[in-house]
Each structure stands twice: as structure tokens, then as C-alpha cells.
Amino acid sequence: MALKHREVQILETSLTDVLTGVGNRRKLEQPLATEISRVQRGGGTLSAIMADVDHFKSVNDRHGHGAGDKVLAHLALLLRSQTRPTDIVARYGGEEFMVLMPDTSLPQAVLKAGQFRSALEASLIEPLTSAVTCSFGVAELALEESAASLLARVDAALYQAKERGRNQVVAAEPAPQP
Ligand code: GH3
Ligand code: MG
Ligand code: MG
């Protein structure tokens, strides 16, 4: 029994991002697969939000890596505190986060990303003296769409948000017909 508990602990640690305490990229895999099969069986909706900190390199350059780390921890907490326990929040890459939201339509997810955006913009994160912002891509899983396609669409939407000037939310193009 003690051994089993230890195994669960090790597994949990291997799926957690040390800096921010949210899940790491690997933590997304299983829920993503599970949620996609639920939707494909006719079980409702699934949306994904990808967030990327704007000009994060210059935050590090100006205020130091430690301050950059604080921004990431702040953003992770913000995402976690403004989502449901059934939503998955994960650090997807260096300064990129993914939020998976079961039972959430595209308009609802766009609204949610807008809330993240304005909450971050309004945050004061010491020792920073000005606001940090984030760009967001949002997509809803289409019928018969794969995880790879969903992630590609959400990524392309995030790229658009950067292109359009950052600190904004862009909804993905509809999935190509299967
Ligand atoms: P953009 O608005 O286009 O997203 O620009 P950016 O500067 O945010 O993007 P870029 O990809 O050029 O830089 C990302 C930076 O994130 C570079 C890297 O040093 C930093 N970074 C990645 N992981 C960490 C981390 O764990 N801590 C800190 N402090 N910085 C990190
Ligand atoms: Mg960035
Ligand atoms: Mg990035």
C-alpha cells in the first residue's frame, strides 16, 4: 500500500511543472485523448486556449530571469484560479500555457481567454513596473477532429494574435472538413 502511494506520488511529480506547480506538457496527453473520445461519442464540447507571454525575452533581459520566473508563476496561478477544477491547465513550453476546457463552446472559451487577458494586464507583478501581457489562440474541437489538428489550429490562432499586435484573443479558423 505504501509502495503504491509512492508510485502515485512519483507519477504526479513527473507530470508537474516545478516552477509553476501546474501540469507539464505530458500532463495534457491523457486528458486530451479522453476528452476527445468523449466528444467523438457525442458527449458535448471541448475547447482549448493557448497563451503565450508577449515579449517575454525583454522581461528577462530588463528585470532578470528571477523576475521572469515570477511572471510565469503568477500567470499559472491566474489561469488555475479562473478555471474550473475539471479544466486542465498545463505549461506547454517555456512561456506558453494550455488550458483544456471540457463542456465549453468556442464563444465561451473566447470569453474566458478575454478574462485571462484583462486580468493579466491588470496585474502588478513585483519587481516589474509595467504590465505584462499575453496573446491567446482559442479553438473548439470539431467532429472527427484529431488532437494534432486541434493543437495546430489553436497554435495558428495564437500566431495570428501575435501578428495582429499581441495582447489579444483570436479564435481559430474552423477545422477542415473530414
Ligand atoms: P513574443 O511576444 O513573440 O512571444 O516574444 P517573446 O520574447 O515572448 O518570445 P521568445 O520566444 O523570443 O522568447 C521566449 C523567452 O522565454 C526566451 C526564454 O529565455 C524565456 N524562457 C523560457 N523558459 C523560461 C523560464 O522558465 N524562466 C524564464 N525566466 N524565462 C524563460
Ligand atoms: Mg512569448
Ligand atoms: Mg513562446
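**What about the nonpolar core?**
- In this structure, Ile49 and Leu79 are the most contacted members of the largest nonpolar core, which totals 27 residues.
- Taken together, the elements giving at least two residues each to this core come down to strand S1 (46–53), helix H3 (56–63), helix H4 (65–81), strand S3 (96–102), helix H5 (106–121) and strand S4 (134–140).
- Examining the composition of this core, we find that 7 residues originate from one element, H4, more than from any other.
- Non-local contacts of Leu79, meaning those with residues more than four positions away in its chain, are made with Val89, Phe97, Val99 and Phe116.

**Re the packing of aromatic side chains**
- Scanning all chains against the criterion turns up 1 aromatic pair.
- Measuring from centroid to centroid gives 6.3 Å for Phe116 and Phe136, while their planes differ by 35°, and the two rings are tilted. Taken together, the residues span a long stretch of sequence, with Phe116 in helix H5 and Phe136 in strand S4 at a distance of 20 residues.

**Quick look at the coordination of the magnesium ion (ligand 2)**
- Summarising the metal site, the magnesium ion (ligand 2) is bound by the protein donors Asp52 (OD), Val53 (O) and Glu95 (OE), whose distances to it range over 1.9 to 2.2 Å.
- Sequence spacing of the donor residues for the magnesium ion (ligand 2), all on one chain, is D-V-x41-E.

**Quick look at the pattern of salt bridges**
- For the structure shown, the criterion picks out 11 salt bridges.
- One salt bridge connects Lys27 with Glu12, and the closest N-O pair in it is separated by 3.4 Å. A residue pair is termed long-range when its members are at least 10 positions apart, and Lys27 in helix H2 (residues 25–40) and Glu12 in helix H1 (residues 2–14) qualify at 15 residues.
- Owing to a relative accessible area of 38%, Glu12 belongs among the partly exposed residues under this scheme.
- Measuring nitrogen to oxygen at the nearest pair gives 2.7 Å for the salt bridge that ties Glu145 to Arg153.
- A relative accessible area of 6% places Glu145 in the buried class.
- Arg153 sits in the buried class, given a relative accessible area of 12%.

**With respect to the packing of H3 against H4**
- Relative to each other, H3 and H4 sit at 135°, their axes nearing to 6 Å. Here H3 lies oblique to H4, going by the angle between them. Within the contact between the two elements, H3 uses Phe56, Val59, Asn60 and His63 and H4 uses His65, Ala67, Gly68, Val71 and Leu72.
- The residue inventory of the contact of H3 with H4, partitioned by class, reads 5 nonpolar, 4 polar and no charged.

**Re the coordination of the magnesium ion (ligand 3)**
- For the magnesium ion (ligand 3), the full set of protein donor atoms is Asp52 (OD) and Glu95 (OE), and the range of their distances to it is 2.1 to 2.2 Å.
- The magnesium ion (ligand 2) is placed at 3.8 Å from the magnesium ion (ligand 3), the two being bridged by Asp52. Taken together, the residues Asp52 in strand S1 and Glu95 in the loop between strand S2 (88–93) and S3 connect sequence positions 43 residues apart.
- On the basis of relative accessible area, Asp52 is assigned to the buried category, the value being 10%.

Rules behind the numbers
Residues numbered from 1 in each chain as written. Chains lettered and ligands numbered in written order. Predicted model: local features only at pLDDT ≥ 70, side-chain atom pairs only at ≥ 80, totals over all residues. Heavy atoms only, no water. Core = buried A, V, L, I, M, F, W, Y, C linked by side-chain atoms within 4.5 Å. Buried < 20%, exposed > 50% of the residue type's maximum accessible area, 1.4 Å probe, protein only. Helix = DSSP H or I, 4+ residues; strand = E, 2+ residues; numbered from the N terminus. Contact = heavy atoms within 4.5 Å. Phe/Tyr/Trp six-rings, centres within 6.5 Å; stacked < 30°, edge-to-face > 60°. Donors = N, O, S within 2.8 Å, 3.2 Å for Na, K, Ca; no water. Salt bridge = Lys/Arg side-chain N within 4 Å of Asp/Glu carboxyl O. Axes fitted to C-alpha atoms, helices over the stretch in contact; angles between N-to-C directions. Parallel < 35°, antiparallel > 145°, perpendicular 65-115°, else oblique. Nonpolar A, V, L, I, M, F, W, Y, C, P; charged D, E, K, R; others polar.

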